[in-house]
Amino acid sequence: MTPIELAEKLHASDVVLLAGRLLLSLIFVHEGLQLATHFEGAEKAMAALGVSTPLLLATIALQLGAGLSVALGILARLGAIGLGLFCLMTAGLFHTNFASQNELLHFEKDLAIAGGMFILALSGAGGLSVDRVLAGFSKDTKIHPPVERHLSVGETSPPV
């Protein structure tokens, strides 16, 4: 059995997508929970940065909602786009003091996370997702894996 055949049998791409989704979503779910459970302190800290209470509430909702969306694979593409845009905005609005090595690091991390989210938005959640399970229960909805042409063998098959 070749490595490609083994990976196809084990659905390695689905496992990798699940692990990636969980790792990407962890920071947002954790931060959303921290902001929600320490709301008064978060509200004061955000006010010092010019962030109003309604915007703080929207941030908490986005981090928890989209974070869980990505983690569980429920509308994960939409959640990933929302979090990717959030990271770009956060980098551009709050981490632009490049004289500070810490701020530069946060800027670069936000850009890296945004890149990961946009890749996830293109690839989708994979087979180990709630959307895929729900699609199995629906008779009218069918989710097919993306088809990719493998140049080495000249045939069309699902990507590994």
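Refer to the structure above for everything that follows.
Only a predicted model underlies this, so the values are computations on that prediction, with no experimental measurement involved.

A. Fine view of the nonpolar core. Membership of the largest hydrophobic core is limited to twelve residues, which are Phe28, Ala66, Val70, Ala80, Leu83, Phe86, Cys87, Ile113, Ala114, Met117, Leu120 and Ala121. Broken down by secondary-structure element, the contributors of at least two residues to this core are helix H4 (53-72), helix H5 (76-94) and helix H6 (101-123). If one sorts the elements of this core by residue count, H6 sits on top with five residues. When near neighbours in sequence (up to four residues on either side) are disregarded, Leu83 contacts Phe28, Leu62, Gln63, Ala66, Gly67, Val70 and Met117. Judged by nonpolar contacts, the second largest core, of five residues, contains Leu35, Phe39, Leu56 and Ile60.

B. Spotlight on the packing of helix H2 (residues 12-37) against H4. Following both chains from N to C, one finds H2 and H4 inclined at 155°, their axes separated by 8 Å at the closest point. On the basis of their axis angle, the class for H2 and H4 is roughly antiparallel. The two elements H2 and H4 cross, and the hand of that crossing is left-handed. Residues Leu18, Arg21, Leu22, Ser25, Phe28, Val29, Glu31, Gly32, Leu33, Leu35 and Ala36 of H2 lie in contact with H4, whose contacting residues are Leu56, Thr59, Ile60, Gln63, Leu64, Gly67, Leu68, Val70, Ala71 and Leu72. Along the lines of polarity and charge, the residues of the contact of H2 with H4 split into 14 nonpolar, five polar and two charged.

About the criteria used
Residues numbered from 1 in each chain as written. Predicted model: local features only at pLDDT ≥ 70, side-chain atom pairs only at ≥ 80, totals over all residues. Heavy atoms only, no water. Core = buried A, V, L, I, M, F, W, Y, C linked by side-chain atoms within 4.5 Å. Buried < 20%, exposed > 50% of the residue type's maximum accessible area, 1.4 Å probe, protein only. Helix = DSSP H or I, 4+ residues; strand = E, 2+ residues; numbered from the N terminus. Contact = heavy atoms within 4.5 Å. Axes fitted to C-alpha atoms, helices over the stretch in contact; angles between N-to-C directions. Parallel < 35°, antiparallel > 145°, perpendicular 65-115°, else oblique. Left-handed = near helix turned anticlockwise from the far one by under 90°. Nonpolar A, V, L, I, M, F, W, Y, C, P; charged D, E, K, R; others polar.

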